[in-house]
Amino acid sequence: MSLSLTWIGHATVAMNIGGYTVMVDPFLEENPATEETVESVHADYILVSHGHNDHIADAVALAKKNNAPIITTLEVARWLDDQGVQTHGLNLGGQLELPFGKVKLTVAMHGSQMPDGSYGGCAVGFLLTSPLGRKIYIACDTALFGDMSLIGEEGLDLAVLPIGDYFTMGPDDALRAVKLLQPKQVMPYHYGTWDTIQQDPDAWAKRVSSETEATVHVLTPGDTLSLIE
Ligand code: NI
Ligand code: MN
């Protein structure tokens, strides 16, 4: 069964799980890190972690183009419902089983105002479980928090972590996150897009490799990481 992850750029990630494309936090048209557009990508399912524009910008257009349901929080789902897309509005700790596998909403320490200024509830991360039991944690926008160790107890095959600083964890806290999560593999994202979040991912990878057991994958936007399923 296929299992891979393509870093589109910034926080936008396209998972391929058993032939289904699961697009996480679609930010395309105004994303400085990619040339991809709503027209150029495909999605069978869309995950949205919170209401900030760099995560939700193209969710409605992509959902309509592909007739793809959006899995998100209750508050974000109600906001999207008004725009004529199909949603699943979960809440923290809730899990949903879909044809590609399971999605659980995890705690994220971050805000979630909608683009029009309305209330967006809590920001979340995602724990995906593939049909053969592979676990992929996408932290989305978050600070470091101690309960990452509880997420790590699930036994993570891959953790996708922000290292950009300014809006999220920076490199030092992301390294501490790897120690709490203890994933087999880790991939940094949410950096490099703008001047405020420039980082050196290779320097971070060296620190992670020397201080933890995790294998680090530094991708360039557009790269695909294949995971053994
Ligand atoms: Ni954000
Ligand atoms: Mn963000």
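Bear in mind the structure is a predicted one, so any value in this text is a computation, not a measurement.

Draft legend 1. Geometry of the overall build of the protein. Secondary structure assignment for the protein yields six helices and 14 strands. Its C-alpha atoms give the protein a radius of gyration of 16 Å, near enough to 17 Å, the size a compact globule of 229 residues would have. For the protein, the spread of C-alpha atoms along the three principal axes comes to 50 × 40 × 30 Å. Taking all 229 residues of the protein together, 56% fall into the buried category. Residue pairs in contact within the protein that sit at least 24 positions apart in sequence constitute 56% of those at least 6 positions apart. For the protein, the accessible surface area stands at approximately 9,400 Å², while carbon and sulfur atoms represent 47% of it. The distance from the centre of the 12 positive side-chain charges to the centre of the 29 negative ones in the protein is 8 Å.

Draft legend 2. How the structure looks around the environment of Asp 173. Relative to the assigned elements, Asp 173 resides in helix H5 (residues 171–181). At a separation of 3.2 Å, a polar atom in the side chain of Asp 173 contacts the side chain of Arg 176.

Draft legend 3. Fine view of the nonpolar core. Met 15, Tyr 137 and Leu 161 are the most contacted members of the largest nonpolar core, which has 55 residues in total. If you tally residues by element for this core, the top one is H5, at five residues. Sequence-distant contacts of Met 15, that is, excluding residues within four places in its chain, are made with Leu 3, Ser 4, Leu 5, Tyr 20, Thr 21, Val 22, Leu 128, Ile 136 and Ile 138. Within the second largest apolar cluster, 21 residues are counted, among which are Ile 46, Ile 56, Leu 62 and Met 114.

Draft legend 4. Just the coordination of the nickel ion (ligand 1), in detail. Ligation of the nickel ion (ligand 1) by protein atoms is provided by His 50 (NE2), His 52 (ND1), His 110 (NE2) and Asp 141 (OD), these donors lying 2.2 to 2.3 Å from the ion. In this structure, the nickel ion (ligand 1) is surrounded by four donor atoms whose angles at the metal cover 89 to 178 degrees, and the resulting shape is irregular. Look at where the donors of the nickel ion (ligand 1) fall in the sequence and you get H-x1-H-x57-H-x30-D. Here the nickel ion (ligand 1) and the manganese ion (ligand 2) are spaced 3.4 Å apart, linked through Asp 141, which binds each one. The exposure class of His 50 is buried, given its relative accessible area of 0%.

Draft legend 5. Structural view of a nonpolar patch on the surface. A cluster of nonpolar side chains, namely Leu 92, Val 107 and Met 109, defines an oily patch on the protein surface of about 240 Å² accessible area. Positionally, Val 107 belongs in strand S8 (residues 101–107). Note on Val 107: relative accessible area 38%, which makes it partly exposed.

Draft legend 6. Fine view of the side chain of Thr 73. Looking at the secondary structure, you find Thr 73 in strand S5 (residues 70–73). On the basis of relative accessibility, which here comes to 1%, the residue Thr 73 falls in the buried class. At 3.3 Å, the side chain of Thr 73 and the backbone nitrogen of Val 76 are in polar contact. Ignoring any residue separated from it by four or fewer positions in sequence, one finds Thr 73 in contact with Val 48, Gly 89, Leu 90, Leu 105, Gly 120, Cys 122 and Val 124.

Draft legend 7. Seen up close, the packing of H5 against helix H6 (residues 201–211). It is the contact of H5 with H6, at a shortest axis distance of 10 Å, that shows an interaxial angle of 30 degrees. Of the possible angle classes, the one that applies to H5 and H6 is roughly parallel. In this structure, H5 crosses over H6, and the sense of that crossing is right-handed. Mapping the contact onto sequence places Pro 171, Asp 172, Ala 174, Leu 175, Val 178 and Lys 179 in H5 and Trp 204, Arg 207, Val 208 and Glu 211 in H6.

Draft legend 8. Up close: the pairing of strand S7 (residues 95–98). Taking every second residue as pointing to the same face, the buried face of S7 carries Leu 96 and Leu 98, while none of Gln 95 and Glu 97 on the other face is buried. By the bridge criterion, four bridges tie S7 to S8 in an arrangement that is antiparallel. Among the inter-strand pairings, Gln 95 is bridged to a residue of S8, identified as Lys 104. Between S7 and the antiparallel strand that follows it, S8, lie two residues.

Rules used in this analysis
- Along each chain, residue indices are assigned from 1 in the same order as the chain's sequence is written.
- Each chain is given a letter, starting from A, and each ligand a number, starting from 1, according to the order in which they appear as written.
- Under the rules for a predicted model, residues below a pLDDT of 70 receive no local features and side-chain atom pairs below 80 are neither given nor counted, while totals for whole chains, interfaces and linings still include all residues.
- Calculation of side-chain values draws on the structure's entire complement of heavy atoms; hydrogens and water are dropped beforehand.
- Where helices and strands are cited, they refer to DSSP runs of H or I of at least four residues and of E of at least two residues respectively, numbered from the N terminus.
- With the radius of gyration taken over C-alpha atoms, the globule rule is written as 2.2 Å times the number of residues to the power 0.38.
- Here the term buried applies to any residue with accessible area under 20% of the maximum for its type, exposed to any over 50%, and partly exposed to those in between, with areas from a 1.4 Å probe on protein chains only.
- By definition in these notes, contact holds between two residues if any of their heavy atoms fall within 4.5 Å.
- Residue exposure ignores everything except the shown protein chains as possible cover, and the areas themselves are Shrake-Rupley values with a 1.4 Å probe.
- In this tally, Asp and Glu contribute negative charge and Lys and Arg positive charge; neither His nor the terminal groups of the chain are included.
- Taken as the charge centre is NZ of Lys, CZ of Arg, CG of Asp or CD of Glu, depending on the residue.
- A 3.5 Å cut-off defines polar contacts: any pair of N or O atoms within that distance qualifies, except that in protein one atom must be a possible hydrogen donor and the other a possible acceptor, and neighbouring residues in sequence count only when both atoms are side-chain atoms.
- Residues belong to one nonpolar core when they are buried, are Ala, Val, Leu, Ile, Met, Phe, Trp, Tyr or Cys, and are joined through side-chain atoms within 4.5 Å.
- Ligating atoms shown are N, O and S within 2.8 Å of the metal, or 3.2 Å for Na, K and Ca, and water is not included, meaning a site may look less than complete.
- Angular criteria define each label, namely tetrahedral for four donors with all angles between 85 and 135 degrees, square planar for four and octahedral for six donors with opposite donors over 155 degrees apart and remaining angles between 65 and 115, and irregular for whatever fails these tests.
- Exposure above 30% relative accessible area and the lack of any salt bridge qualify a residue for a patch; like charges then connect within 9 Å, and the nonpolar side chains Val, Leu, Ile, Met, Phe, Trp and Tyr within 5 Å.
- A pairing counts as a salt bridge when a side-chain nitrogen of Lys or Arg comes within 4 Å of a carboxyl oxygen of Asp or Glu.
- Here an axis means a line fitted to C-alpha atoms, over the contact stretch when the element is a helix, while the angle between two N-to-C directions is reported on a 0 to 180 degree scale.
- Roughly parallel here means an angle under 35 degrees, roughly antiparallel means over 145, roughly perpendicular means 65 to 115, and every remaining angle is called oblique.
- Note on convention: near helix rotated counterclockwise from far helix by under a right angle means a left-handed crossing. Clockwise means right-handed.
- In this description, strands pair whenever DSSP reports at least two bridges between them.

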